[in-house]
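Each chain, written out:
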Amino acid sequence: MKKRYSRKPRQLKEFAVEQASQLFEKAENVYSENRELANEYVGIARKLCMKYKAKMPSVLKRRYCKHCKCYLRVGDNCRIRLNKGKVVYLCLNCKHFTRMRYR
Ligand SMILES: [Zn+2]
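Below: a short report on this structure. Per-chain numbering applies: the sequence of each chain, read as written, is numbered from 1 onward. Under the rules for a predicted model, residues below a pLDDT of 70 receive no local features and side-chain atom pairs below 80 are neither given nor counted, while totals for whole chains, interfaces and linings still include all residues. Water and hydrogen atoms were dropped before computing side-chain values, which therefore reflect all heavy atoms in the structure.

Attention shifts here to unusual backbone geometry. Within the chain, lysine 53 stands out as a residue other than glycine whose phi angle is a positive 50°. Each residue's exposure class comes from its accessible area (1.4 Å probe, protein chains only) as a fraction of the maximum for that residue type: buried when under 20%, exposed when over 50%, partly exposed otherwise. Note on lysine 53: relative accessible area 42%, which makes it partly exposed. In the Ramachandran plot, lysine 95 falls in the positive-phi region, its phi being about 60° despite a non-glycine side chain. Judged by its relative accessible area of 57%, lysine 95 falls in the exposed class.

See the structure below:
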């Protein structure tokens, strides 16, 4: 039987990550004018990574809210606190926390 879910070539994964980071840059540029468009870019980047089963780099991961999938800009719709060895991101859109460890 043929495998339904095949592994994607590494090149494609790298391509997806590259595209995703470009999309995040676009989102950053467009955010001040059009938030919805920025959120859409985030959505496209996420789907790209899912499609190619690429791991979203942690640098990008912390730039969007994983609950409401909106683009986060520090000091605007996102608050960062340090708590017990973790970085806590509060999304002001949906009021959910995202925690990340730091060393
Ligand atoms: Zn959110």
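Next up on the list: the coordination of the zinc ion. The reference angle at a metal is 109.5 degrees if four donors form a tetrahedron and 90 or 180 degrees if six donors form an octahedron. In this listing, donors mean N, O and S atoms no farther than 2.8 Å from the metal, or 3.2 Å for Na, K and Ca; water is missing from the atoms, so a site can look incomplete. Within the protein, the zinc ion binds to Cys65 (SG), Cys68 (SG), Cys91 (SG) and Cys94 (SG); these donor distances fall in the range 2.2 to 2.3 Å. For the zinc ion, the four donor atoms in the first shell make angles of 107 to 111° at the metal, so the coordination geometry reads as tetrahedral. Coordination of the zinc ion draws on donor residues from a single chain, spaced C-x2-C-x22-C-x2-C in sequence. Here cysteine 94 lies in the loop between strand E2 (86-91) and strand E3 (97-101) and cysteine 68 lies in the loop between helix H3 (58-61) and strand E1 (78-83), a separation of 26 residues in the sequence. Residue cysteine 94 is classed as partly exposed on the basis of its relative accessible area, which comes to 23%. Any site counts as irregular unless it has four donors with all angles between 85 and 135 degrees, making it tetrahedral, or four or six donors with opposite ones more than 155 degrees apart and the rest between 65 and 115, making it square planar or octahedral. Only DSSP runs of H or I with at least four residues qualify as helices, and only runs of E with at least two residues qualify as strands; both kinds are numbered from the N terminus onward.

Another point: a positive patch on the surface. A surface patch of like charges, here positive, comprises Arg7, Lys8, Lys13, Lys51 and Lys53. As for its position among the elements, lysine 8 is in the segment before helix H1 (10-30). Exposure above 30% relative accessible area and no salt bridge define the residues that can form patches, which grow by joining like charges within 9 Å and nonpolar side chains of Val, Leu, Ile, Met, Phe, Trp and Tyr within 5 Å. Only the protein chains shown count as covering a residue, and every accessible area follows the Shrake-Rupley method with a 1.4 Å probe. The salt bridge definition used is simple: a Lys or Arg side-chain nitrogen within 4 Å of an Asp or Glu carboxyl oxygen. When charges are counted, neither His nor the chain ends are considered; positive counts come from Lys and Arg and negative counts from Asp and Glu. For the purpose of locating charges, the reference atoms are NZ of Lys, CZ of Arg, CG of Asp and CD of Glu.

Time to look at the pattern of salt bridges. Within the structure shown, the criterion is met by two salt bridges. Aspartate 76 is the salt-bridge partner of arginine 35, the closest N and O atoms lying 3.4 Å from each other. Of the two residues, arginine 35 sits in helix H2 (residues 35-51) while aspartate 76 sits in the loop between H3 and E1, which places them 41 residues apart along the sequence. Judged by its relative accessible area of 42%, arginine 35 is partly exposed. Taking the relative accessible area as the measure of exposure, aspartate 76 reaches 34% and is therefore partly exposed.

This part is about the sheet that holds E2. For two strands to count as paired, DSSP must find a minimum of two bridges between them. Within the open sheet, the three strands sit side by side as E1-E2-E3. Their pairing is antiparallel. The open sheet has two edge strands, E1 and E3, and neither has a second partner. Within the sheet, the average angular offset between the axes of one strand and its neighbour, ignoring direction, is 20°. Two elements, E2 and E3, share five bridges in a ladder whose sense is antiparallel. Axis definition: a line fitted to C-alpha atoms, over the contacting stretch in the case of helices. Angles run 0 to 180 degrees between N-to-C directions.

Honestly, that's just the spatial picture; any functional story needs more than this.
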